[in-house]
Amino acid sequence: MAENGENSDGGQKTKPPIKKKRPEDFRFGPILGEGSYSTVKLACEISTGREFAMKILEKRHIVKEKKVPQVEREKKVLSRLDHPFFVKLYFTFQDPERLYFGLSVARKGELLSKIKQLGKFDVDCTRFYSAQIVSALQHLHSLNIIHRDLKPENILFNDLMQIQITDFGTAKEVTESDLETPKASSFVGTAQYVSPELLKDKQAGVSSDLWALGCIIFQMLSGKFPFQAPNEYLIFQQILSCRYELPDYFPDDAKDLITNLLQLDPLKRIGCPTCGGYDALMSHPFFKGINWDTLLIAPAPQVMLHLADNSSDDEENDDVSQITDNFDQVFMTELKKQASEKRKGRGSDESLALSEPDDISGFGLSACMSEEERERWMRKQHQSEWDYFAKGKLILKRGQLEKKRKLSVKVREFILTEGPKLLYIDPVSKEVKGEIPWSSELRTEPRSFRIFYIHTPNRTYHLIDKTNNAMKWCKKIDEIKKFYFGRK
Ligand code: ATP
């Protein structure tokens, strides 16, 4: 398998030598997804800070499963694609065990999960995303490439909630004549979206992708597959006889479009070269109102933007008056004890000593910590799944806290690094949800063993440490504030 640098096109022209990338050039973060042959991880290029979705394939597994041609095909096809509605391949490289594909990051999940979340899409939303898929297919087919496994799992979203079509392992490059009369293909694809010609004659052409488009439009509007049965055999029977029912509530123009896409005869499918090509498809009444020229920059429908955001924490002010937690009596006693010990000059620092493994005791850091010591901590940190978020900085404290805002409580991983920076991350999706802004005005307020506040000029963060270490957090934050901003 050839190793290459930036988007090799296999051409003959002499190119300036490109420095090959290596795994050490990246800081690897959380897993974005797993496929049958790969793991896709978020990766940050250390020298540039750029983020990629790094698809990592185990060579041994690929060879054992006889998937080398599939991987080569994916690389070749992706290298040819440079369009906003497709995942982009920036580079590939390898080490003795693995192959690495550096892809653009599609952070907002799959079309399938969005359909499941909403139950079904409204007509405007379906129109918008159907148009994006049509535009993407037009580009793909203009390059004589057929996807052959188009389905909502393979349609991802970027931060702007634009589609990013992925998974080109079963894609095929075809000749002009193949476009008209497809050649025999082996079975590829997914039962619910597979075209009748592939089942019957083992042939797949551009029309097969248009069949899948018809299935996807049906699914967006209804939340269901057009062809559904208890097993694949029965699904195939339905496909072969084109047996499906259009729900009454589908608008007439959608019914008409789906009917024209789900045609048994691939040559009669709207959008294929023998049936008006993309001009006919794009001027279908269902797409009335779509501006094909500005589709690339058109904002996503509100409902989708909301869906992309609703798990995130916007920076709206907390209404602390709504916080109703009672003061913990034991905590009050402890505070009083510490105050009295301080008065006696004994200090209470011992009782607050920071000892958990993810916590660097005594904020000496760059100032007092020896280089060697710092290196040791950094090495330890490199093995942690949170290292990625520190962006090369030393993590000074880390742990899970509940973040309360109005009536909602969200679990977040808090990471306090040099800088200083205090980030909070969704521990499941591993998405950075926000950052508590540092300034000399930042102030902590322990309220109980579990509860503490961080006051900033614009917002008060209400945090709950279920391990009863709220005071340790406050102490650490106060130490860091003192180090960076001095005493107020
Ligand atoms: P399979 O052949 O089983 O579909 P595969 O090994 O070819 O899988 P992909 O489908 O390419 O792997 O990727 C696996 C998962 O990783 C995807 O379902 C998706 O959730 C995630 N993923 C892939 N590419 C990206 C990307 N560019 N950005 C974000 N997530 C991605």
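As the structure is a computational prediction, the values presented were derived from the model and not from experiment. (Residues numbered from 1 in each chain as written. Predicted model: local features only at pLDDT ≥ 70, side-chain atom pairs only at ≥ 80, totals over all residues. Heavy atoms only, no water.)

### Quick look at the pairing of strand 4 (residues 89-94)
Here is step 1: The element strand 4 is largely enclosed, with a buried count of five among its six residues.
Here is step 2: Note that strand 4 and strand 5 (residues 98-103) share five bridges and pair antiparallel. Across the sheet, the residue bridging to L89 is L103, located in strand 5. (Buried < 20%, exposed > 50% of the residue type's maximum accessible area, 1.4 Å probe, protein only. Helix = DSSP H or I, 4+ residues; strand = E, 2+ residues; numbered from the N terminus. Pairing = 2+ DSSP bridges.)

### Points about the UniProt feature "binding site: ATP" (unreviewed entry) in the chain
Here is step 1: UniProt tags K55 as "binding site: ATP" (unreviewed entry).
Here is step 2: On the secondary structure map, K55 appears in strand 3 (residues 51-58).
Here is step 3: Once residues within four sequence positions are removed from consideration, K55 is found in contact with S38, T39, V40, E74, L99, Y100, F101 and L103. (UniProt positions renumbered as here; feature names shortened; annotations may be inferred. Contact = heavy atoms within 4.5 Å.)

### Points about the site of the ligand
Here is step 1: Lining the immediate surroundings of the ligand are 18 residues, of which S36, S38, K55, S104 and D167 lie closest.
Here is step 2: A distance of 3.2 Å is found between an oxygen atom of the ligand and a backbone nitrogen or oxygen belonging to Y37.
Here is step 3: Backbone polar atom of A106 to a nitrogen atom of the ligand: 2.9 Å apart, as the coordinates give it.
Here is step 4: Here the ligand loses 85% of its free accessible area of 610 Å² to cover by the protein chains.
Here is step 5: Among the secondary structure elements, those contributing two or more residues to the shell around the ligand are strand 1 (26-34) and strand 3.
Here is step 6: Here the shell around the ligand takes three residues from strand 1, the largest share from any one element.
Here is step 7: Across the shell around the ligand, the residue classes tally to nine nonpolar, five polar and four charged. (Near = heavy atom within 4 Å. Polar contact = N/O pair within 3.5 Å; in protein donor to acceptor, adjacent residues only side chain to side chain. Areas by Shrake-Rupley, 256 points an atom, 1.4 Å probe, with all protein chains shown as cover. Nonpolar A, V, L, I, M, F, W, Y, C, P; charged D, E, K, R; others polar.)

### Some words on the packing of aromatic side chains
Here is step 1: Counted according to the given criterion, the structure contains 29 aromatic pairs.
Here is step 2: Between F93 and Y100 the ring centres are 4.6 Å apart and the planes differ by 10°, which places this aromatic pair in the stacked class.
Here is step 3: Here the aromatic rings of W438 and F485 are separated by 6.3 Å at their centres, their planes lie at 15°, and the arrangement is stacked. Taken together, the residues W438 in the loop between strand 13 (432-435) and strand 14 (443-446) and F485 in helix 16 (residues 470-485) connect sequence positions 47 residues apart.
Here is step 4: Clustering of aromatic rings is evident, with ring pairs tying together F26, F28, F52, Y90, F91, F93 and Y100.
Here is step 5: Residue placement shows R127 over the ring face of F286; its charged tip is 5.2 Å from the ring centre.
Here is step 6: It is K397 that lies over the ring of W473; its NZ or CZ is 4.8 Å from the centre. (Phe/Tyr/Trp six-rings, centres within 6.5 Å; stacked < 30°, edge-to-face > 60°. Lys NZ or Arg CZ within 6 Å of the ring centre and 35° of its normal.)

### Quick notes on the packing of helix 7 (residues 206-222) against helix 9 (residues 252-261)
Here is step 1: Where helix 7 contacts helix 9, the two axes come as close as 8 Å, and the packing angle between them is 150°. Between helix 7 and helix 9, the interaxial angle falls into the category roughly antiparallel. For the crossing formed where helix 7 meets helix 9, the hand is left-handed. Counted together, L210, W211, L213, G214, I217, F218 and L221 of helix 7 and A254, L257, I258 and L261 of helix 9 form the full contact between these two elements.
Here is step 2: Of the residues belonging to the contact of helix 7 with helix 9, the class tally is 10 nonpolar, one polar and no charged. (Axes fitted to C-alpha atoms, helices over the stretch in contact; angles between N-to-C directions. Parallel < 35°, antiparallel > 145°, perpendicular 65-115°, else oblique. Left-handed = near helix turned anticlockwise from the far one by under 90°.)

### Topic: helix 16
Here is step 1: For helix 16, built from 16 residues, the straight-helix expectation of 22 Å at 1.5 Å per residue is met to within 8% by its first-to-last C-alpha distance of 22 Å.
Here is step 2: Three or more residues of helix 16 are buried, namely A470, M471, K472, W473, C474, K475, K476, I477, E479, I480 and K481.
Here is step 3: A positive phi of about 70° marks G486, the residue just after helix 16. (Expected span 1.5 Å × (residues − 1).)

### Topic: the sheet that holds strand 16 (residues 459-464)
By way of backbone hydrogen bonds, the strands of a sheet pair with one another, either parallel or antiparallel.
Here is step 1: Read across the sheet, seven strands follow the order 13-12-11-10-16-15-14 without closing on themselves; strand pairing throughout is antiparallel. Two strands bound the open sheet, and with one partner strand each, they are strand 13 and strand 14. The mean angle between the axes of side-by-side strands here comes to 35°, regardless of whether they run parallel or antiparallel.
Here is step 2: Sheet analysis places strand 10 (residues 395-405) next to strand 16, joined by three bridges and oriented antiparallel.

### Details of unusual backbone geometry
Here is step 1: Of note, the bond from G419 into P420 is cis; its omega dihedral lies within 30 degrees of zero at -10°.
Here is step 2: Structurally, P420 is set in the loop between strand 11 (408-417) and strand 12 (421-425).
Here is step 3: Positive phi outside glycine occurs at K202, with the angle close to 55°.
Here is step 4: Relative to the elements of secondary structure, K202 occurs in the loop between helix 6 (196-201) and helix 7.

### Structural notes on the side chain of T126
Here is step 1: Inspection of the secondary structure puts T126 in helix 4 (residues 123-142).
Here is step 2: Using a relative accessible area of 0% as the deciding quantity, one classes T126 as buried.
Here is step 3: Not counting the four nearest positions on each side in its chain, T126 is found in contact with F121, I217, M220, L221 and F286.

### A closer look at the sheet that holds strand 2 (residues 39-45)
Here is step 1: The strand order across the open sheet formed by five strands is 1-2-3-5-4, and the pairing between neighbours is antiparallel. Lying at the two open borders of the sheet, with one neighbouring strand each, are strand 1 and strand 4. The sheet shows a mean angle of 30° between the axes of neighbouring strands, taken without regard to direction.
Here is step 2: The strands that helix 2 (residues 68-80) touches are strand 3, strand 4 and strand 5; relative to strand 5, the one it contacts most, it runs at about 25°.

### Examining the environment of V206
Here is step 1: Its location among the elements puts V206 in helix 7.
Here is step 2: Remark: the alpha-carbon pair of V206 and Q138, spanning 68 residues in sequence, is separated by 9.7 Å.

### Some words on helix 3 (residues 111-118)
Here is step 1: Among the residues making up helix 3, those that are buried are L111, L112, K114 and I115. Buried residues along helix 3 cover an arc of 165° about the axis, so they all sit on one side.
Here is step 2: Just downstream of helix 3 lies G119, where phi reads positive at about 90°. (Arc of directions from axis to C-beta.)

### Focus: the pattern of salt bridges
Here is step 1: Per the counting criterion, the structure on display carries 28 salt bridges.
Here is step 2: Of the charged contacts in the structure, one is a salt bridge between D25 and R22, with a shortest N-O distance of 2.7 Å.
Here is step 3: Of the residues examined, D25 reaches a relative accessible area of 16% and is grouped as buried.
Here is step 4: Salt bridges here are not isolated pairs; linked through shared partners, they connect E51, R107, D159 and K391. (Salt bridge = Lys/Arg side-chain N within 4 Å of Asp/Glu carboxyl O.)

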